[in-house]
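A closer look at the structure
Given next are the chains, with one letter for each unit.
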There are 2 protein chains.
Amino acid sequence: MPEETHEPTSGAPGHEGGPSRRGFLTEALALGGAAGVGIAAEATAGETAAAAKPTAAPVNPRLFSFVGGSRGGWSVVSAKAVVGDPLPAIERLEIVSGAVPALPEGAPWVLRGVTSNERYVVRAEKDALVKRQAALGRPECALAALIPIRKNAKWWALTQEERRAIFEDKSKHIAIGMKYLPAIARRLHHCRDLAGAEPFDFITLFDYAKDQASAFDDLLAALRASEEWKYVDREVDIRLTRA
Amino acid sequence: MPEETHEPTSGAPGHEGGPSRRGFLTEALALGGAAGVGIAAEATAGETAAAAKPTAAPVNPRLFSFVGGSRGGWSVVSAKAVVGDPLPAIERLEIVSGAVPALPEGAPWVLRGVTSNERYVVRAEKDALVKRQAALGRPECALAALIPIRKNAKWWALTQEERRAIFEDKSKHIAIGMKYLPAIARRLHHCRDLAGAEPFDFITLFDYAKDQASAFDDLLAALRASEEWKYVDREVDIRLTRA
């Protein structure tokens, strides 16, 4: 579970062929910019075709919404609070690329996060990860896990290099995750700096084939035994299978 | 203009006495959690008093909104695009701690950002900054500047340590900013990882006394001449005076 290895500009699942940032700004313009990003100077001819959804506010193209309820492409196999409070029980998870304006019927919760630039990997690690990691969504990946976590105030008061020292030098987060690549794919989403009050700091979505289920448990056990995990004050582990 | 020295948990202007993260989650609950964070397990007795605004969605307590229009506590003295496209002209700026649900009458734009953990300072720098920096809002600070910037894709594709090397080792961003402390106060807001499509990555708000105006110009000139600023592909410089 290397936490910070997402490639925002290349090969990110859910991004391929998606609208560009500029396209979204143009969409904001087409929608009248009510959300405050409709800045006329952003628009150029030929981009307005990107705007199509008349009701949607312009969203960050890196935003994902995870809707816990009674519908969606993933059935819940198990859900447990590893640390801290649980989430209300659900039957299905729907993974949406983009925003969900309101809680759908029968859905007790929505979690949101954005993929972002890496915070911890150094160049050699990044290059190795880019070479080895797989995108989510391979057909053989019948199992998935959604693991939202929150880190405590002590973690966030550390400086960058102090966090890196715990994350990798002491906890081997990147090295542990690397061992399971490319079999276990994952995408990290950041929630802490969203405008809403979010209950978690990170959401990681994993997928893998059935024969990797015990390897996945090993990966999580290694991370949860690490120094880094002493700073995790809430973690929910939701296991999923294709509905 | 040390970019990453905001203390989210102590002494941040606009935060004093503000509701805690937990308080906001409770507010979400009180409001029915329509925005997806109303998770019952978050609530504890005695916290519900924090919820008071019946129409507001639960917001990140670190969120600020900058409303450009015809009202607000700051009058625009000048506004120019330093790099890239300008923002539509405004007369006044209103600085709101929290969210603005829609564009107010006569306001062509709203920019948003959240204060966050530091990304670049090392421990000695952080300790020195905490000791020297002042909070925004001192009575003698009659002047202010709002400077939103965006960095290009090349910047965001760098690793953390590559960004740090440019930010400080080559550009002396922290050291330059330190020279002007405590006379020039500033607060950095992050926009890149919001759920909306935001036109800038960062917004920095500065304030200072009138006799510091030329020092402030010197500070900006030094930063704009740096290696780091080669990655800035949009920058708007809005100078303000108390209305």
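Every value quoted in this text rests on a predicted model; they were computed, and no experiment measured them.

Scanning chain A for helices and strands turns up six helices and eight strands. Buried residues in chain A amount to 54% of all 243 residues. For chain A, restricting intrachain contacts to residue pairs at least 6 apart in sequence, the fraction spanning at least 24 positions comes to 78%. Of the roughly 9400 Å² of accessible surface on chain A, a fraction of 56% belongs to carbon and sulfur atoms.

All names here are of chain B. For helix 6 (residues 213-224), with twelve residues, the first-to-last C-alpha span of 17 Å sits near the 16 Å given by 1.5 Å per residue. By the burial criterion, the buried members of helix 6 are A215, F216, L219, L220 and L223. Looking straight down helix 6, one finds that the buried residues subtend no more than 140 degrees of arc, so they occupy a single side. Among the structural elements, strand 5 (143-151), helix 5 (173-179), strand 7 (202-208) and strand 8 (232-242) are those in contact with the buried residues of helix 6.

What follows concerns the pattern of salt bridges. Taken as a whole and assessed by the stated rule, the structure comprises 30 salt bridges over all chains. Among the ionic pairs, D237 of chain B bridges to R239 of chain B, the shortest N-O distance being 2.7 Å. Each of the two residues, D237 of chain B as well as R239 of chain B, counts as buried. One salt-bridge network, in which partners are shared between bridges, spans D217, R224, E235, D237 and R239 of chain A.

This paragraph deals with the pairing of strand 6 (residues 185-190) of chain B. Residues and elements named next belong to chain B. Most of strand 6 sits inside the fold, with six of its six residues counted as buried. Pairing of strand 6 with strand 7 involves six bridges; the strand directions are antiparallel. Paired with H190 across the two strands is F202, which belongs to strand 7.

All names here are of chain A. Cis geometry is adopted by the peptide bond preceding P182, which originates at L181 and carries an omega value of 0 degrees. Within the fold, P182 resides in the loop between helix 5 (173-179) and strand 6 (185-190). Unusually for a residue other than glycine, K172 sits at a positive phi of about 55 degrees. Inspection of the secondary structure assignment puts K172 in the loop between helix 4 (160-170) and helix 5. Overall, K172 belongs to the partly exposed group, its relative accessible area being 42%.

It is worth spelling out the pairing of strand 8 (residues 232-242) of chain A at this point. The side chains of a regular strand alternate, first on one face of the sheet and then on the other. All names here are of chain A. Of all eleven residues in strand 8, eight are buried, a share of seventy percent or more. Both strand 2 (residues 74-83) and strand 8 contribute to a ladder of eight bridges, which runs antiparallel. The residue bridging W74 from the neighbouring strand is R242, located in strand 8. As paired elements, strand 5 (residues 143-151) and strand 8 share seven bridges and run antiparallel to each other. Counted as the bridge partner of A144 is L240 from strand 8.

The next subject is the environment of L181 of chain A. Residue and element names in this part refer to chain A. With respect to the secondary-structure elements, L181 resides in the loop between helix 5 and strand 6. On a C-alpha basis, the gap between L181 and K131 in space is 9.8 Å, while along the polypeptide they are 50 residues apart. Not counting the four nearest positions on each side in its chain, L181 is found in contact with L129, R132 and Q133.

By the element assignment, R150 of chain B lies in strand 5. A polar atom in the side chain of R150 of chain B sits 2.8 Å from the side chain of D233 of chain B.

One turn of an α-helix holds 3.6 residues; hence residues three or four places apart share an orientation. All names here are of chain B. Those residues of helix 2 (residues 123-132) not exposed but buried are E125, K126 and L129. Mapping the buried residues of helix 2 onto a view down its axis gives an arc of 100 degrees, with all of them on the same face. Looking at helix 2, the residues exposed on the side facing more than 90 degrees away from the buried face are A124 and K131.

Time to look at the packing of aromatic side chains. Residues and elements named next belong to chain B. This structure, assessed with the given rule, holds twelve aromatic pairs over all chains. Relative to F167, the ring of Y120 has its centre 4.4 Å away and its plane inclined at 25 degrees; by these criteria the two rings are stacked. Separated by 47 residues along the polypeptide, Y120 in the loop between strand 4 (109-114) and helix 2 and F167 in helix 4 (residues 160-170) bring together distant segments of the chain. For the pair shown, Y120 and F167 are each scored as buried.

Attention now moves to the state of the cysteines. If you walk through the whole model with that rule in mind, you get zero disulfides over all chains. Just so you know, C191 of chain A is unpaired, no disulfide at all, and the nearest cysteine sulfur is the one on C191 of chain B, 18 Å from it. The class of C191 of chain A is buried, set by a relative accessible area of 2%.

Cut-offs used in this document
Residues numbered from 1 in each chain as written. Chains lettered and ligands numbered in written order. Predicted model: local features only at pLDDT ≥ 70, side-chain atom pairs only at ≥ 80, totals over all residues. Heavy atoms only, no water. Helix = DSSP H or I, 4+ residues; strand = E, 2+ residues; numbered from the N terminus. Buried < 20%, exposed > 50% of the residue type's maximum accessible area, 1.4 Å probe, protein only. Contact = heavy atoms within 4.5 Å. Areas by Shrake-Rupley, 256 points an atom, 1.4 Å probe, with all protein chains shown as cover. Expected span 1.5 Å × (residues − 1). Arc of directions from axis to C-beta. Salt bridge = Lys/Arg side-chain N within 4 Å of Asp/Glu carboxyl O. Pairing = 2+ DSSP bridges. Polar contact = N/O pair within 3.5 Å; in protein donor to acceptor, adjacent residues only side chain to side chain. Phe/Tyr/Trp six-rings, centres within 6.5 Å; stacked < 30°, edge-to-face > 60°. Disulfide = S-S within 2.5 Å.

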